[in-house]
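Residue-level structure breakdown
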Amino acid sequence: MTSDLTTVSVDLGTRSYPIWIGSGLLARSGELLGDRLVRGRTVVVTDETVASLYLEHLQGSLGMPSETIILPAGEATKSFAHLEWLCEQLLEAGVERKDCILALGGGVIGDLTGFAASILRRGCGFAQVPTTLLAQVDSSIGGKTAINATAGKNLIGAFHQPVAVLIDTETLDTLSDRELRAGYAEVVKYGLIDDPAFFGWCETHAQALLAGDSEARSQAIEISCLAKARIVGLDERETSGTRVLLNLGHTFGHALEAEAGFSDQLLHGEAVALGLLLAFDVSVLLGLCPQADAQRLRIHLKSLGFATTLSECGMAHRGARMIAHMAQDKKMDGGRLPFLLARGIGQTFLATDVDLNIVRDFLDQAT
Ligand code: NAD
Ligand code: GLY
């Protein structure tokens with residue numbers, strides 16, 4: 001035993017799996033994942049940055065030989081070209097259905113590897129070993145896998161659940177401040193969706209979390225994983241109106257990311273943070289949400305250094321362009337776009353009757 005461990009279960013019948021959370025867990029990967037590396041053949045997929053930091057450590061602790069496939073770091077890796085290359089590499093390595101592919105890295109590696117695992121030989125096992133805050137609280141859990149298309153973000157993908165998620169919270173020590181803060185957007189989202197008490201916790205503890213306080217970090221990760229596991233357990237395929245709430249801020253966020261060309265100009269989490277605020281602002285505009293709640297969110301995000309206006313990201317006065325991106329949203333239904341809006345902090349709901357002209361005018365006028 002080298003570390004304490006918390007286990008959160010994702011309950012999905014025969015596809016249920018554990019999320020192990022703890023500091024130093026990479027050193028226990030062989031012990032924890034052992035039962036799931038059914039045939040003993042393991043391929044670790046990672047990116048260049050994470051490989052230089054954690055690959056050797058992970059492989060050393062697996063207690064069995066493993067092969068590696070290393071991709072470039074960054075959002076551009078979630079592409080058809082890299083998917084094709086990865087699948088060819090996995091086939092060349094002789095990966096079979098019952099072998100296990102380990103996705104070691106952030107959401108980019110997790111999404112791409114998970115999608116490759118879903119289509120390789122019509123479905124191979126994979127486990128997630130997330131190393132960014134964003135991936136530890138959101139993307140590694142729940143089986144959404146995808147690549148980006150010219151038409152937009154995450155438009156080509158599949159639901160494919162991992163067999164386990166192993167979170168070593170210590171890996172966040174090497175993450176840049178900017179990436180850590182971006183990941184925090186997906187943490188505070190859980191408070192905004194349906195847990196106002198957790199939003200209050202965030203207001204009190206976020207500064208410490210981002211400054212590296214390990215207690216605050218672990219608590220935020222555990223609460224987020226519990227929330228995500230609960231929601232995924234209720235609505236795995238986003239069909240019953242529950243999981244869709246996790247998209248709060250993402251319709252705006254994905255449009256902002258598309259406008260930024262999926263580049264470092266605006267990280268996914270940064271786009272989501274501004275998207276959360278835009279969703280609250282539109283909710284206020286439509287008379288659904290008290291101004292005070294949107295203001296509380298604005299103050300919180302601003303205090304952490306997030307951009308809270310479109311102009312700070314160079315995205316002001318782009319209403320029509322943003323609406324065009326939104327038209328590719330996966331939630332589009334019969335030509336209409338449902339929006340995640342809020343009646344207040346912790347009261348997110350899906351609005352199916354929002355007039356896109358109002359949203360376009362709002363985006364054109366907001367500074
Ligand atoms: P990322 O995977 O690009 O990682 C960010 C950067 O941090 C990369 O350069 C990476 O090399 C580096 N890095 C990773 N771990 C590190 C560590 N421990 N120390 C130092 N550097 C490290 O980005 P991300 O923010 O993790 O994920 C964003 C992606 O996740 C987006 O594509 C988004 O669409 C996707 N996402 C998916 C889901 C889902 O449910 N599947 C949910 C949310 C977001
Ligand atoms: N990140 C959104 C979801 O998993 O549904």
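Residues numbered from 1 in each chain as written. Chains lettered and ligands numbered in written order. Predicted model: local features only at pLDDT ≥ 70, side-chain atom pairs only at ≥ 80, totals over all residues. Heavy atoms only, no water.

When its secondary structure is counted, the protein chain shows 13 helices and 11 strands. Computed over C-alpha atoms, the radius of gyration of the protein chain comes to 20 Å, within 12% of the 21 Å expected from 2.2 N^0.38 for 367 residues, which places it in the range of a compact globule. With respect to the principal axes defined by its C-alpha atoms, the protein chain has extents near 60 × 40 × 35 Å. Residues counted as buried form 57% of the 367 residues belonging to the protein chain. Considering only contacts in the protein chain between residues 6 or more positions apart, those separated by 24 or more positions represent 71%. (Helix = DSSP H or I, 4+ residues; strand = E, 2+ residues; numbered from the N terminus. Rg over C-alpha atoms; globule rule 2.2 N^0.38 Å. Buried < 20%, exposed > 50% of the residue type's maximum accessible area, 1.4 Å probe, protein only. Contact = heavy atoms within 4.5 Å.)

In the neighbourhood of ligand 2, the contacting residues comprise Asp 138, Lys 144, Lys 228, Glu 238, Arg 243 and Leu 246. Contacts to ligand 2 include Lys 144, whose side-chain N or O atom sits 2.8 Å from an oxygen atom. Note that an oxygen atom of ligand 2 is positioned 2.7 Å from one of the side-chain N or O atoms of Arg 243. Considered class by class, the residues forming the shell around ligand 2 number one nonpolar, no polar and five charged. (Near = heavy atom within 4 Å. Polar contact = N/O pair within 3.5 Å; in protein donor to acceptor, adjacent residues only side chain to side chain. Nonpolar A, V, L, I, M, F, W, Y, C, P; charged D, E, K, R; others polar.)

Counted under the stated rule, the structure contains 19 salt bridges. Residue Lys 153 is joined to Glu 75 by a salt bridge in which the shortest nitrogen-to-oxygen separation is 2.6 Å. Here Lys 153, found in strand E8 (residues 152-159), pairs with Glu 75, found in the loop between strand E4 (66-71) and helix H3 (80-92); they are 78 residues apart in sequence, far enough to count as distant. The same class applies to Lys 153 as to Glu 75, namely buried. (Salt bridge = Lys/Arg side-chain N within 4 Å of Asp/Glu carboxyl O.)

Let us now look at the packing of aromatic side chains. Under the defined criterion, the tally for this structure stands at two aromatic pairs. Plain terms: the ring middles of Phe 198 and Trp 201 are 5.5 Å apart, the flat faces sit at 20° to each other, and that makes the pair stacked. Taken as a pair, Phe 198 and Trp 201 lie in helix H7 (residues 196-210) at a separation of three residues, close to a single helical turn. Relative accessible area serves as the criterion here: at 13%, Trp 201 is assigned to the buried category. Here Phe 252 and Phe 339 contribute two aromatic rings whose centre-to-centre distance is 5.6 Å and whose plane-to-plane angle is 40°, an arrangement assigned as tilted. One end of the pair, Phe 252, is in helix H9 (residues 250-259); the other, Phe 339, is in strand E10 (residues 339-342), and 87 residues separate them in sequence. Directly above the aromatic system of Phe 306 lies the positively charged group of Arg 181, at a separation of 5.5 Å from the ring centroid. (Phe/Tyr/Trp six-rings, centres within 6.5 Å; stacked < 30°, edge-to-face > 60°. Lys NZ or Arg CZ within 6 Å of the ring centre and 35° of its normal.)

Take the side chain of Lys 189 next. Note on placement: Lys 189 falls in helix H6 (residues 177-194). Reaching out from Lys 189, the side chain makes a polar contact with the side chain of Glu 186 at a distance of 2.9 Å. The contacts of Lys 189, once residues within four sequence positions are left out, are Asp 138, Leu 246, Leu 248, His 250 and Leu 276.

These figures capture arrangement, not role.
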